[in-house]
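Listed here are the chains, written in short residue letters.
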Amino acid sequence: MSSIDFSTLTQKIAALLAAHPEQPVLIALDGRCGGGKTTLAGQLAEQFPASIVFHTDDYYLPPAQRIPDWEKIPCANMDLARLREELLRPARAGEPVFYRAYSCREGAYRPGQCIPAQPLSIVEGSYSHHPLLAGCYDLKVFVTCSPAEQTRRLQAREGERYPSFAARWIPLEEGYFKEYSIEEKADLLLDTTGHC
């Protein structure tokens, strides 16, 4: 699969919105940590003002609900059933979404909020292309960058936590990509190496 650029991605999204204006469009941005998923989601939201961005990071499972040895199993720390039922199904149906973010730092759910339906919903984050969510999206984009770029970005983002972050999360993420052929099954590939 050849990589596309931001302009091509926005053209494809605009075409989807124009093809069926009465039906909401859902896209998912999965890919490597440090690849630029969150940044890309923000740029798309600016390009398409009638949109909403959702983050898979808000759908972690509370520690008490995680299975033993979850740190060794890709996606075992995620509540994908809740993401699908509370977010993707109503967004797909053009209904308001009751959004309850789980905060790992606070160890609690934040107060829920009712978010009105939008023509475009952007779901960004690791595991958004998981097979449990298959069929929920109109477009799946795999966001990546070179290993050197990933290291540089994560070191800047995580600071002194980088070594433990890299040792824990990168192998889990790569295991998920490999187990479910996430990159190969994406509709589009966007390589952000060298871009902000």
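Above: the structure in question.
First, a word on what this report is: a plain description of the structure on this page. Small disclaimer: the values here were computed from a predicted structure and weren't measured.

**Some details on the state of the cysteines**
Simply put, the disulfide is a covalent bond whose two ends are the sulfur atoms of two cysteines.
For step 1, the next point in the chain: As enumerated under the stated definition, the model contains zero disulfides in all.
For step 2, the next point in the chain: Among the cysteines around Cys114, which has no disulfide bond, Cys136 carries the closest sulfur, lying 19 Å off.
For step 3, the next point in the chain: Judged by its relative accessible area of 56%, Cys114 falls in the exposed class.
For step 4, the next point in the chain: No disulfide involves Cys136; its sulfur sits 13 Å from the nearest other cysteine sulfur, which is in Cys75.
For step 5, the next point in the chain: The buried category is assigned to Cys136, whose relative accessible area is 13%.

**Quick word on the packing of helix H1 (residues 6–19) against helix H2 (residues 37–47)**
For step 1, the next point in the chain: Running from amino to carboxyl end, H1 crosses H2 at an angle of 55°, the nearest separation of the two axes being 11 Å. Here H1 is positioned oblique relative to H2, judged by the angle of their axes. Our pair here, H1 against H2, has a crossing hand that is right-handed. Of H2, the residues touching H1 (which contributes Phe6, Leu9, Thr10 and Ile13) are Leu40, Gln43, Leu44 and Gln47.
For step 2, the next point in the chain: In terms of residue class, the contact of H1 with H2 is built from five nonpolar, three polar and no charged.

**Observations concerning the pattern of salt bridges**
For step 1, the next point in the chain: The tally for this structure, following the rule as stated, stands at 15 salt bridges.
For step 2, the next point in the chain: One salt bridge in this structure joins Glu174 and Arg32, with 2.7 Å as the shortest N-O distance. Residue Glu174 is found in helix H5 (residues 162–180), and its partner Arg32 is found in the loop between strand S2 (25–31) and H2; the two are separated by 142 residues along the sequence.
For step 3, the next point in the chain: In this structure Arg32 comes out as buried when scored by relative accessible area, which is 15%.
For step 4, the next point in the chain: The salt bridge partner of Glu158 is Arg161, with a shortest N-O separation of 2.9 Å.
For step 5, the next point in the chain: Take Glu158: its relative accessible area is 12%, and that puts it in the buried class.

**Description of the environment of Ala14**
For step 1, the next point in the chain: Tracing the chain through its elements places Ala14 in helix H1.
For step 2, the next point in the chain: Owing to a relative accessible area of 34%, Ala14 belongs among the partly exposed residues under this scheme.
For step 3, the next point in the chain: For Ala14 and Phe165, which are 151 residues apart along the polypeptide, the C-alpha to C-alpha distance reads 36 Å.

What counts and how
- Residues numbered from 1 in each chain as written.
- Predicted model: local features only at pLDDT ≥ 70, side-chain atom pairs only at ≥ 80, totals over all residues.
- Heavy atoms only, no water.
- Disulfide = S-S within 2.5 Å.
- Buried < 20%, exposed > 50% of the residue type's maximum accessible area, 1.4 Å probe, protein only.
- Axes fitted to C-alpha atoms, helices over the stretch in contact; angles between N-to-C directions.
- Helix = DSSP H or I, 4+ residues; strand = E, 2+ residues; numbered from the N terminus.
- Parallel < 35°, antiparallel > 145°, perpendicular 65-115°, else oblique.
- Left-handed = near helix turned anticlockwise from the far one by under 90°.
- Contact = heavy atoms within 4.5 Å.
- Nonpolar A, V, L, I, M, F, W, Y, C, P; charged D, E, K, R; others polar.
- Salt bridge = Lys/Arg side-chain N within 4 Å of Asp/Glu carboxyl O.

Limitation: the analysis is restricted to geometry and does not speak to function.
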